Amino acid sequence: MPIQYYFEIIGTVVFAISGALAAGEKSGQDWFGVTFVGFITAIGGGSLRDMLLGSYPLVWINDVNFIYAIILGVVLMRLFYASLQRYRRTLSLFDTMGIALFTILGTEKALEFGVHPVVAAIMGMFSAVMGGVIRDTLTNSTPVIFRKEIYATACLAGAILFLILNYFDVHRTFNFLISGGLIITIRILAVYNRWSIPKFK
Amino acid sequence: MPIQYYFEIIGTVVFAISGALAAGEKSGQDWFGVTFVGFITAIGGGSLRDMLLGSYPLVWINDVNFIYAIILGVVLMRLFYASLQRYRRTLSLFDTMGIALFTILGTEKALEFGVHPVVAAIMGMFSAVMGGVIRDTLTNSTPVIFRKEIYATACLAGAILFLILNYFDVHRTFNFLISGGLIITIRILAVYNRWSIPKFK
Amino acid sequence: MPIQYYFEIIGTVVFAISGALAAGEKSGQDWFGVTFVGFITAIGGGSLRDMLLGSYPLVWINDVNFIYAIILGVVLMRLFYASLQRYRRTLSLFDTMGIALFTILGTEKALEFGVHPVVAAIMGMFSAVMGGVIRDTLTNSTPVIFRKEIYATACLAGAILFLILNYFDVHRTFNFLISGGLIITIRILAVYNRWSIPKFK
């Protein structure tokens, strides 16, 4: 199993935690609802990317470990619920690692499909953020990409850096670290300094 | 034509009735909106399942009878609108039969695709409930799966029973009746006794 | 390049303008949000149609010019924002041309896929309106197809006329003009005369 596989599994656990926590904080949610939202958050972005690319079979449909990873994420979330709520910044860091990982993996996968780099960057960003967008739509919240701090734009920046370094044949592991690191850095700086994209008007 | 085909058509009519009725009760809906919502409710879950599985062509795109079944459902709903509103429990029974039917048919279809039984159960549940979820998202209601009584969980239970009996080579028709019957029984008991899944917190 | 290609590009620009404008009028939207909504509006309907048909690769994934067309639409929207807001009827005319174009192109594409004409008409209508439906769902507005004036029904009427004329071997360009013209005419008359579909009750 390549290292990338374990990254995908870890990203899935992290996203399931983040989705289940978002649902769990809504009053009146039952265990099924919390698990369902964790599930959608974890597999939504990657599934949409693969359905747009026509890349079948979808990863989680072909490998039940992704389902187990989601269930693990929901259980972990319940066990550490109090701590997770207290250390919201930590959780936000989990989500940040998740979007960094999924952006780069998604961009690379799209590129392997032979699409134009501009489209690959969009696919990478979609992989990272669309699970959260579906989660927010289902729970009637404002989609995460429309909220204040820089979010999807950080993913786009990381995807573009990955594509540039890839073009210059930078070693893959190195590229993963630098491009993913850029996303994480931008997100952390954006949250601490309240950076945001210029308002439209 | 196998008996399963007629079941699918009946399930489509029933779901179109249930979707059109939900839309028709919102004030100000016109005939197009009511028909559109009936359509989405009827084909949404199965279409999502098939797009996730990569099972092309989609059933209703390849067979116009499903469109006619939906139009029939909307017309029936209008003709019996007063009665349907009076006997809400009857309609709920229609919806219950629809989800029982679609869960088992969807689980079996996913299994034939060679997916892991856990994934097949999820696909069966998706077939049954995701049309309603899309309907509720479009009409700005709380998605049916997040509401009080046991709903999607009943589908999961029926799907799991179907998979177990299927594993032990129980005869298909017999399995359909028992597993579908379990879903209907759980739903009826849940509605009458206000059973619900434990709250998350 | 056939003339149809330029029509698709123009329709994409027009839809991106219409989507970005809708998002830009919501207070607090940033540049990313406006561009994202323009993007979804422009490619949503056609992508859904192609994913339902299993028609891969999707048009915009295979041809980066569609991405550039969307960016052009967003930039044009910003440059002419004041004028576009003043002449709302003009913009509505842009949107009308967009849905006319996409309905006919979508109906024809579905027909080439060998689907039943009834399904082709639905696919044509989906191509035209579903981008707007996704846009409205993401921005928590009432989906455009549920609003007052005749909208999706005009698309259906145009698609049906296209199918009838196509059946009688009317020349394609001629058919495009007549069927698309019908959609534009119905929409303009509906807006000016406040025509609407009969209420359901």
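How each quantity is defined
Residues numbered from 1 in each chain as written. Chains lettered and ligands numbered in written order. Predicted model: local features only at pLDDT ≥ 70, side-chain atom pairs only at ≥ 80, totals over all residues. Heavy atoms only, no water. UniProt positions renumbered as here; feature names shortened; annotations may be inferred. Salt bridge = Lys/Arg side-chain N within 4 Å of Asp/Glu carboxyl O. Helix = DSSP H or I, 4+ residues; strand = E, 2+ residues; numbered from the N terminus. Least-squares fit on C-alpha atoms with pLDDT ≥ 70 in both. Contact = heavy atoms within 4.5 Å. Buried < 20%, exposed > 50% of the residue type's maximum accessible area, 1.4 Å probe, protein only. Core = buried A, V, L, I, M, F, W, Y, C linked by side-chain atoms within 4.5 Å. pLDDT = per-residue confidence, 0-100. Phe/Tyr/Trp six-rings, centres within 6.5 Å; stacked < 30°, edge-to-face > 60°. Expected span 1.5 Å × (residues − 1).

UniProt's Sequence similarities (unreviewed entry) comment on chain A is quoted here verbatim: "Belongs to the UPF0126 family." UniProt, in its Subcellular location (unreviewed entry) section for chain A, records the words "Cell membrane".

What's the story with the pattern of salt bridges in this structure? I'm lost.
When the charged atoms of two side chains with opposite charge come close together, those side chains can pair. What the rule picks out here adds up to 12 salt bridges over all chains. The partner of Lys109(A) in a salt bridge is Asp50(A), and the shortest N-O contact between them spans 3.2 Å. Here the residue Lys109(A) occupies a position in helix 6 (residues 88–112), and Asp50(A) occupies one in helix 2 (residues 31–53), the gap between them amounting to 59 residues. Of the charged contacts in the structure, one is a salt bridge between Glu108(B) and Arg172(B), with a shortest N-O distance of 2.5 Å. Here Glu108(B) is found in helix 6 (residues 88–112), whereas its partner Arg172(B) is found in helix 9 (residues 172–193), with 64 residues between them in sequence. Look at the salt bridges and you will find they share partners, linking Arg49(A), Asp50(A) and Lys109(A) into a network.

Help me understand the relation of the copies chain B and chain A, please; the structure alone is not making it clear to me.
The pair of chain copies shares a relation made of a rotation about an axis and a shift along it. Once chain B has been moved 0.0 Å along the axis and rotated by 120°, it coincides with chain A to within an RMSD of 0.0 Å. The superposition operator between the copies reduces to a three-fold rotation axis. Little of the interface of chain B is mirrored in chain A, where only 10% of its interface residues are also at the interface.

I keep staring at the environment of Ala16(A) and nothing clicks. Help me out?
Residue and element names in this part refer to chain A. Along the chain, the position of Ala16 falls in helix 1 (residues 3–24). Look at Ala16 and you get buried, because its relative accessible area is 0%. Taking C-alpha positions, Ala16 is 9.4 Å from Phe36, a pair spaced 20 residues apart along the chain. Once residues within four sequence positions are removed from consideration, Ala16 is found in contact with Gly38, Ala42, Ile70 and Gly73.

Help me out: how do you make sense of unusual backbone geometry in this one?
For residues that are not glycine, phi is negative in most cases, and the peptide bond is trans in most cases. Here the residue pair Tyr56(A) and Pro57(A) is connected by a cis peptide bond, since its omega of -5° sits within 30 degrees of zero. One can find Pro57(A) in the loop between helix 2 and helix 3 (59–62). Within the chain, Arg194(A) stands out as a residue other than glycine whose phi angle is a positive 55°. Positionally, Arg194(A) belongs in the segment after helix 9 (172–193). The backbone of Asp169(C) sits at a positive phi, close to 60°, despite the residue not being glycine.

Looking at this structure, I do not really get the nonpolar core. What am I missing?
Counting 207 residues, the largest nonpolar core has Trp60(A), Trp60(B) and Trp60(C) as its most contacted members. Excluding residues within four positions of it along the chain, Trp60(C) makes contact with Leu52(A), Val119(A), Met123(A), Phe39(C), Ile43(C), Ser47(C), Phe66(C) and Ile67(C).

What is the right way to look at the relation of the copies chain B and chain C in this model?
When chain B is brought onto chain C, the operation consists of a screw motion whose angular component is 120° and whose axial shift is 0.0 Å, with 0.0 Å RMSD remaining. The share of interface residues of chain B whose copies in chain C are also at the interface is only 11%, consistent with the copies meeting through different surfaces.

Would you mind going over the confidence of the model for chain A with me for this structure?
Detail in the predicted coordinates should be disregarded across regions flagged by low pLDDT. The pLDDT averaged across chain A works out to 90; a share of 97% of its residues lies at or above 70. Highest mean pLDDT in chain A belongs to helix 8 (residues 152–167) of chain A (97); lowest belongs to helix 5 (residues 81–86) of chain A (78).

Whenever I open this one, the packing of aromatic side chains confuses me. Can you help?
Between two aromatic rings, the relevant description is the distance of the centres plus the angle of the planes. Tallied over the full model, the rule gives 33 aromatic pairs over all chains. Considering the side-chain rings of Tyr5(B) and Tyr6(B), the 5.8 Å spacing of their centres and the 80° angle between planes classify their relative orientation as edge-to-face. On the basis of relative accessible area, Tyr5(B) is assigned to the buried category, the value being 16%. Since its relative accessible area comes to 46%, Tyr6(B) is described here as partly exposed. With a centroid separation of 6.3 Å and an interplanar angle of 75°, the aromatic rings of Phe36(B) and Phe146(C) are classed as edge-to-face. Here the residue Phe36(B) occupies a position in helix 2 (residues 31–53), and Phe146(C) occupies one in the loop between helix 7 (117–138) and helix 8 (152–167), the pair thus bridging two chains. Owing to a relative accessible area of 11%, Phe146(C) belongs among the buried residues under this scheme. One aromatic cluster is present, formed by Phe32(A), Phe36(A), Phe39(A), Trp60(A), Phe126(B) and Phe146(B) through successive ring pairs.

How should I be thinking about helix 8 (residues 152–167) of chain B in this particular structure?
An α-helical turn contains 3.6 residues, so a residue and the one three or four places further along point in the same direction. Residue and element names in this part refer to chain B. For helix 8, which comprises 16 residues, the first-to-last C-alpha distance of 23 Å matches the rise-based estimate of 22 Å (1.5 Å per residue) to within 8%. What helix 8 keeps buried is the set Ala152, Ala154, Cys155, Gly158, Ala159, Phe162, Leu163 and Leu165. One or two residues past the end of helix 8 sits Asp169, with phi positive at roughly 60°.

Would you mind going over the UniProt feature "transmembrane region" (unreviewed entry) in chain A with me for this structure?
Residue and element names in this part refer to chain A. Taking the numbering used here, the UniProt-annotated feature "transmembrane region" (unreviewed entry) corresponds to residues 6–24, 31–48, 60–81, 117–138, 150–168 and 174–192. The straight-line gap between the two end C-alpha atoms of residues 31–48 is 25 Å; of that span, 100% is helix and 0% is strand. Segment residues 174–192 splits into 100% helix and 0% strand. End C-alpha atoms: 27 Å apart.

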